[in-house]
Amino acid sequence: MNLSELTYKYKDHPGVKKLTEHISQQPKTYVKGLSGSLDSVLAAGTVQIINVPHFFLLRDKEEAAYFYNDLQNLLSGREVHFFPSTFKRSIQFGQEDPTNIILRTGVLNAVRNSENSCIVSYPEAIIEKVVKKRELAKNTLEINKGENISSEFLNDMLFEYNFEQVDFVYEPGQFSVRGSIVDIFSFSDDHPYRIDFFGEEVESIRKFEVENQLSVQNLNKAVIQPKLQNEQTKESEWQSFYEFLESETVIW
């Protein structure tokens, strides 16, 4: 029996059924007596019954990381996201981590696209405000294979998004132009895009590895997003992460 089969069987447990009934009937439900990884098994069983977004808040980053790993293994057919702090260490040191920014952006996109995903986080991460959904939509450029788009328009959009033009991209927020090829490292993905034009037509879109420049995946669409929060972001464009979540989200 693999983990997904175990989770499927566990969702029929009387305790899980009772919990799902309480969640649908009462605004607050308390569970006690769990030990080891039973909390993640209970959560996974519940998620399979209540098909809405679920948000799990753990006590600290380490505990959240373990819980996230458990859910990923137990819910192999469901999107599970980790929502970290923007910063490498503590917010007080002010050193941002580009990988964490990409992860945060991915979670915001999952919520905006109404995916019934599971999100795992911790207090230090959610204390940071996020951009409102309308700002997220405004700062999203989608490029589709086969569409016509002028290089001037693309360059203007990238500069408007505060992307830096370089010879070779190696971190989010950069782009480069070499003939008909445009490389863009968006904050929406952990790999940069390589967009090949034939005239003004998008001929191909690929993800590639920075280290060896080899393609890793062919795509039909590229989603270009800048760093969503910076010194130019107005306070009126921010909101708490709880406000960003869908209203039907079950909060653990």
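Relevant structure appears above.
Residues numbered from 1 in each chain as written. Predicted model: local features only at pLDDT ≥ 70, side-chain atom pairs only at ≥ 80, totals over all residues. Heavy atoms only, no water.

Chemist: Before we go on, may I ask you to explain the nonpolar core in this structure?
Modeler: If you look at soluble globular proteins, the nonpolar side chains tend to sit buried side by side. Phe 56, Leu 71, Phe 83, Leu 108, Ile 119, Val 120 and Phe 241 are the most contacted members of the largest nonpolar core, which has 36 residues in total. Not counting chain neighbours up to four residues away, the residues in contact with Leu 108 comprise Phe 83, Val 130, Val 131, Leu 136, Leu 228, Phe 241 and Phe 244. Membership of the second largest hydrophobic core comes to 20 residues, among which are Ile 149, Val 182, Ile 195 and Ile 224. (Core = buried A, V, L, I, M, F, W, Y, C linked by side-chain atoms within 4.5 Å. Buried < 20%, exposed > 50% of the residue type's maximum accessible area, 1.4 Å probe, protein only. Contact = heavy atoms within 4.5 Å.)

Chemist: It is not clear to me how the side chain of Ser 121 should be interpreted in this structure. Could you clarify?
Modeler: The topology assignment puts Ser 121 in strand 3 (residues 118-121). In contact with Ser 121, other than residues within four places in its own chain, are Phe 55, Phe 56, Leu 57, Leu 58, Ala 64, Phe 83 and Ile 126. (Helix = DSSP H or I, 4+ residues; strand = E, 2+ residues; numbered from the N terminus.)

Chemist: How should I be thinking about helix 4 (residues 61-74) in this particular structure?
Modeler: Residues spaced three or four apart along an α-helix face the same direction, because each turn holds 3.6 residues. Along its 14 residues, helix 4 runs 20 Å from first to last C-alpha, staying within 8% of the 20 Å computed at 1.5 Å per residue. Of all the residues in helix 4, the buried ones are Ala 64, Phe 67, Tyr 68, Leu 71 and Leu 74. When helix 4 is viewed along its axis, its buried side chains cluster within an angular range of 130° and face the same direction. Pointing more than 90 degrees away from the buried face of helix 4 are the exposed residues Glu 62 and Tyr 66. A side-chain oxygen of the first residue of helix 4 lies 3.2 Å from the backbone nitrogen of Glu 62; this N-cap is Asp 60. (Expected span 1.5 Å × (residues − 1). Arc of directions from axis to C-beta. Polar contact = N/O pair within 3.5 Å; in protein donor to acceptor, adjacent residues only side chain to side chain.)

Chemist: Help me understand the packing of helix 3 (residues 38-49) against helix 4 in this model?
Modeler: To describe two helices that pack against each other, one gives the angle between their axes and the distance between the axes. Here helix 3 crosses helix 4 at 45°, and the two axes come no closer than 9 Å. In terms of orientation, helix 3 and helix 4 fall into the oblique class. Classified by chirality, the crossing of helix 4 by helix 3 is right-handed. Of helix 4, the residues touching helix 3 (which contributes Asp 39, Ser 40, Val 41, Ala 43 and Ala 44) are Phe 67, Asp 70, Leu 71 and Leu 74. (Axes fitted to C-alpha atoms, helices over the stretch in contact; angles between N-to-C directions. Parallel < 35°, antiparallel > 145°, perpendicular 65-115°, else oblique. Left-handed = near helix turned anticlockwise from the far one by under 90°.)

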